[in-house]
Amino acid sequence: MNQEYNAPDRDYYRNDEHTLRVSGSETLSAAPDQAIITLGVITEDKDPQKAQQANSQAIANVIASLKSAGIPEEQLKTSDYRIDPQYDYIDGKELFKNYKVQHMIQAQTTDIEKIGSIIDTAVRSGANSITSIRFSLSNPEAYYNRALSLALKKAYEKALSMARTIGISLNPIPNQVDEVSETTTPIHFQTSTFSKMASTPIQPGELNITASVRVVYTY
């Protein structure tokens, strides 16, 4: 019985002898222009209804104060709400203590310089828990695309330097370009239950935006 012979795919056996493989990376720094503050109210009482009522009143005051501080209602949202029984452990025994009600909200703002005063306003109105401040960029793509372009230029400069060193003529048009996935990591400030201070200075610092590529050139 005759069997048909199929020639192997030429691409599978492609000649990689005349290629240069390089990588390039660039990191840009940018000041954040928006932030999300997570804060709220924790109340405790042996009667869950009393704990809930006290919490509802306090969080309503906090929300009203945030609105008066310039944060619109659509930039305020509940991130966590729970009612949990609390226990003490004495001599290996679990003894009921009270009920804990926690209502956390996220407040988004683009007024970075006023974050400290926003927190102070919330605390004066009844907030007793500030869990985090998350700084980020409203348009990270613009910075990332710029970093990506610079990373590609660095990769070309590497390949060109290698080609000159070994005395070959480099084709400036890359044969293959692979983007290495990078992300912009937001800056987080983590805090515990808030303790009263005269003022709350917040330093947002800068975000780092990194882009990386792997490039194949021919010669």
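Rules behind the numbers
Residues numbered from 1 in each chain as written. Predicted model: local features only at pLDDT ≥ 70, side-chain atom pairs only at ≥ 80, totals over all residues. Heavy atoms only, no water. Helix = DSSP H or I, 4+ residues; strand = E, 2+ residues; numbered from the N terminus. Buried < 20%, exposed > 50% of the residue type's maximum accessible area, 1.4 Å probe, protein only. Contact = heavy atoms within 4.5 Å. Areas by Shrake-Rupley, 256 points an atom, 1.4 Å probe, with all protein chains shown as cover. Salt bridge = Lys/Arg side-chain N within 4 Å of Asp/Glu carboxyl O. Pairing = 2+ DSSP bridges. Expected span 1.5 Å × (residues − 1). Arc of directions from axis to C-beta. Polar contact = N/O pair within 3.5 Å; in protein donor to acceptor, adjacent residues only side chain to side chain. Phe/Tyr/Trp six-rings, centres within 6.5 Å; stacked < 30°, edge-to-face > 60°.

## Here we look at the overall build of the protein
When its secondary structure is counted, the protein shows 3 helices and 8 strands. For the protein, the α and β elements follow one another from N to C terminus as β-β-α-β-β-α-β-α-β-β-β. Taken across its 219 residues, the protein has 32% of its residues classed as buried. Long-range pairs, those at least 24 residues apart, make up 81% of the contacts in the protein with a sequence separation of at least 6. As displayed, the protein offers around 14200 Å² of accessible surface, 47% of which is attributable to carbon and sulfur atoms.

## Section: the pattern of salt bridges
Close approach of charged atoms lets side chains of opposite charge pair. Inspection of every chain in the model, using the stated rule, returns 4 salt bridges. A salt bridge links R82 to D80, with the nearest nitrogen and oxygen atoms 3.3 Å apart. Take R82: its relative accessible area is 41%, and that puts it in the partly exposed class.

## Description of the pairing of strand β4 (residues 93–109)
With 11 bridges connecting them, strand β2 (residues 34–45) and β4 associate as antiparallel partners. Each residue of the ladder has a partner; that of G40, found in β4, is M104. The sheet contact formed by strand β3 (residues 76–90) and β4 spans 14 bridges and is antiparallel. Bridging from a neighbouring strand, T78 pairs with I105 of β4.

## Notes on helix α1 (residues 48–68)
Between its first and last C-alpha atoms α1 spans 30 Å; for 21 residues at 1.5 Å apiece the expected length is 30 Å, and the two agree. Residues of α1 that are buried: A51, N55, A58, I59, V62, S65 and L66. Down the axis of α1, the buried set is contained in an arc of 115°. They therefore lie on one face. Check the buried side of α1 and you find it contacts β2, β3, β4 and α2 (115–124). Where α1 terminates, the next one or two residues include G70, which has phi positive at roughly 105°.

## Description of the side chain of S212
Note on placement: S212 falls in strand β8 (residues 207–218). With relative accessibility at 10%, the residue S212 sits in the buried group. At 3.1 Å, the side chain of S212 and the side chain of S25 are in polar contact.

## Let's talk about the packing of aromatic side chains
Under the criterion given, the structure shown has 3 aromatic pairs. Seen from their ring centres, Y87 and F96 are 6.1 Å apart, and the 75° between their planes marks the pair as edge-to-face. With a relative accessible area of 38%, F96 lands in the partly exposed category. Seen in terms of ring centroids, Y156 and Y217 are 5.8 Å apart; in terms of plane orientation they differ by 55°. Their pairing is tilted. In this pair, Y156 sits in helix α3 (residues 140–166) while Y217 sits in strand β8, placing the two residues 61 residues apart along the sequence. Note on Y217: relative accessible area 2%, which makes it buried. Three or more aromatic residues joined by ring pairs make a cluster, and in this case those are Y87, F96 and Y99.

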